[in-house]
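Tertiary structure, described
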Amino acid sequence: MKFRTLSIHAGQQPDPSTGALATPVYFTSTFSYGTAEEGQARFAGQNPGYIYSRFANPTTAALEQKLAALEGADEALVVASGMAAVSAIMYALTNAGDEVAFIDPVYGGTDAFLRNTLTRAGVTLSRYSSDQDFAERVKANTKVVLFEPITNPTLKVIDTRIVVEAARKVGALVICDNTFLTPYLFRPLEIGADIVMHSGTKYLSGHGDIIAGIVAGRSELMQKIRTVALKHIGSPIGPQEAYLLQRGVKTLTLRMDAHIDNARKVADFLAAQPKVAKVYYPGHASHPGHQAIADTATGFGGMVAIDIEGGFAKAAVFLNNLHLFAQAVSLGDVESLACHPASTTHAAMTAEDRQRAGVSDNLVRLSIGVEDADDLIADLAQALAKL
Ligand SMILES: *Cc1c(COP(=O)(O)O)cnc(C)c1O
């Protein structure tokens, strides 16, 4: 079946006891197994059957089946947050003494986890500045490489094909954080990545009302990650959030089509504004990563960033005059959001690191929602007119 059909039907069966068509929310911490022998069998993993909601819950299990189908994966795992996904992947797939690579920039929380926490488990860390840099300098003992195909906040593109080829030469596992594109637009497992992960907080849930994380890949790796994530770290998603996430996924394709359409219209408008010094949007042919996304994905996503003429003060005037765009971090909601990365999401970086990453004081990041594009453009136009 096609992606749009799977996003609605995969993992969903009428509830066997009532026929309820919508996935029921199973609010229970534990599951009665009735007899001592059945308990023994469930703990031995012999019988399919639920034991305790930290290990598995039927609402979450239905969602995991849906996501595995969408990613083309053997198995998917849903956890409490994107950061829970990153930590479980890293703790499950690395040992003390292993070399871990990441390609700059990665999500700020991921960067901090790798540097400040994962290194305490005895791994060594190497940072690469681009896909090419990784291909040229990858160390022979690299165990895993983590990257994002479209990065935050300047929408720099990392070509998954280059990362996969270089990683294969040294036998490293490839982990792709595909939060910005979603499986609707890009399925990295199909071009050789070993694990795909997402912050389900963003486009996959889509309504800005939950925190969630997703991991998918082949069973052999997923079983290790599942054990660490649920049994050891203990970060299951709750059934209510699992329900909201599966409901969001059912409209993923409709929402993404609207995000994509609006982002293109907004980016085209901004590119023609004299008070906008630069537009970062991978859908424009002038963007250095345009071709890589065009070749591997079926859309350019819903994110746009701009440099306003001037510094922080000008960016603040622009942001403070937006009415429809909410000033907030996060992304991928139906509502449009605007943020100033240098003073918020990227404030913990040193000024030099920000400069190296192109996160200037006049950079504004826009998550384009699914409102009417004319209203979004009118809001941006009146805020630019205040400069
Ligand atoms: C938000 C985000 C994360 C972290 O996810 P949470 O759900 O906030 O824990 C990881 N990677 C990317 C690319 C993100 O945008």
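Throughout, residues of each chain are indexed from 1 in the direction in which the sequence is written. In keeping with the model being predicted, local features are shown solely for residues with a pLDDT of at least 70 and side-chain atom pairs are shown and tallied solely at 80 or more, while totals for entire chains, interfaces and linings include all residues. Processing note: side-chain calculations cover all non-hydrogen atoms of the structure and skip hydrogens and water entirely.

- By the naming in an unreviewed UniProt entry, the protein is Methionine-gamma-lyase, taken from Rheinheimera soli.
- UniProt positions are given in the numbering used here, feature names are shortened, and annotations may be inferred rather than shown by experiment. The Cofactor (unreviewed entry) comment attached to the protein in UniProt states, word for word, "pyridoxal 5'-phosphate".
- Listed under Sequence similarities (unreviewed entry) in UniProt, the entry text for the protein is "Belongs to the trans-sulfuration enzymes family."

**Some thoughts on the overall build of the protein**
- Numbered from the N terminus, helices here are DSSP runs of H or I no shorter than four residues, and strands are runs of E no shorter than two. Secondary structure assignment for the protein yields 15 helices and 12 strands.
- Based on C-alpha atoms, the radius of gyration is set beside the globule rule, defined as 2.2 Å times the residue count to the power 0.38. Relative to the compact-globule value of 21 Å for 387 residues, the protein shows a C-alpha radius of gyration of 21 Å, a close match.
- Projected onto the principal axes, the alpha-carbon positions of the protein cover approximately 75 × 50 × 35 Å.
- The 387 residues of the protein split such that 55% are buried.
- Whether two residues touch is decided by their heavy atoms; if any such pair falls within 4.5 Å, the residues are in contact. For the protein, the share of sequence-separated contacts (at least 6 apart) that also reach a separation of at least 24 residues comes to 72%.
- Charge convention: Lys and Arg are scored as positive, Asp and Glu as negative, and His as well as the terminal groups of each chain are ignored. By convention, the point assigned to a charge is CZ for Arg, NZ for Lys, CD for Glu and CG for Asp. The distance from the centre of the 33 positive side-chain charges to the centre of the 39 negative ones in the protein is 2 Å. The rule is simple: take the accessible area with a 1.4 Å probe, protein chains only, and divide by the maximum for that residue type; under 20% is buried, over 50% is exposed, in between is partly exposed.

**Let's talk about the domain arrangement of the protein**
- Where each domain begins and ends is defined by an automated method or by a domain database. Once the domains are mapped, the protein shows domain 1 (3–250) and domain 2 (252–385).
- Between domain 1 and domain 2, the C-alpha centre-to-centre distance is 27 Å.
- Every contact between the two is made by 32 residues of domain 1 and, on the other side, 40 residues of domain 2.
- Buried area adds together the accessible area that both of two parts lose upon being put together, with accessible area traced by a 1.4 Å probe. Of the roughly 2,900 Å² buried between domain 1 and domain 2 on both sides combined, carbon and sulfur atoms contribute 64%.

**Some details on the nonpolar core**
- Nonpolar cores are built from buried Ala, Val, Leu, Ile, Met, Phe, Trp, Tyr and Cys residues. Side-chain atoms within 4.5 Å join them into one set. Grouped together as the largest cluster of nonpolar side chains are 79 residues, with contacts concentrated most on Phe134, Leu245, Leu270, Phe318 and Leu380.
- At 8 residues, the largest contribution of residues to this core is made by helix α11 (residues 252–271).
- Both domains that meet at this core, namely domain 1 (3–250) and domain 2 (252–385), each give it at least three residues.
- When neighbours within four sequence positions are excluded, Phe318 is seen to be in contact with Ile306, Ile308, Val364, Leu380, Ala383, Leu384 and Leu387.
- Core analysis: the second largest hydrophobic core is formed by 30 residues, Ala88, Val106, Leu118 and Met222 among them.

**Some points on the sheet that holds strand β6 (residues 195–199)**
- When DSSP finds two or more bridges between two strands, those strands count as paired. A sheet is described by the order of its strands in space; here 7 strands give the open sequence β1-β7-β6-β5-β4-β2-β3, paired in mixed fashion. Strand pairing shows two members of the sheet lacking a second neighbour, β1 (75–79) and β3 (124–128), which therefore form its edges. Along the sheet, successive strands turn relative to each other by an average axial angle of 20 degrees, direction set aside.
- Relative to β3, strand β2 (residues 99–103) runs parallel, the two sharing 5 bridges. Paired with Ala101 across the two strands is Ser126, which belongs to β3. For helices, the axis comes from a line fit to the C-alpha atoms of the stretch in contact; other axes are also lines fit to C-alpha atoms, and the angle between any two N-to-C directions lies between 0 and 180 degrees.

**Some points on the site of the ligand**
- The local shell around the ligand consists of Ser81, Gly82, Met83, Tyr107, Glu148, Asp177, Thr179, Phe180, Ser199, Thr201, Lys202 and Ala212.
- We define a polar contact as two N or O atoms separated by no more than 3.5 Å, with the added condition that, inside protein, one atom must be a possible hydrogen donor and the other a possible acceptor, whereas residues neighbouring each other in sequence contribute only through side-chain atom pairs. Between the ligand and Thr201 there is a distance of 2.7 Å, counted from an oxygen atom to a side-chain nitrogen or oxygen.
- Protein chains shield 93% of the accessible area of the ligand, which is 380 Å² for the free molecule.
- When residues are grouped by polarity, Ala, Val, Leu, Ile, Met, Phe, Trp, Tyr, Cys and Pro land in nonpolar, Asp, Glu, Lys and Arg in charged, and all others, Gly among them, in polar. Grouping the constituent residues of the shell around the ligand by class yields 4 nonpolar, 5 polar and 3 charged. We define proximity as follows: a residue is near a molecule or strand when any one of its heavy atoms falls within 4 Å of that partner. Here the accessible surface of atoms and residues is derived via Shrake-Rupley with a 1.4 Å probe, and residues count as covered only by protein chains that are part of the display.

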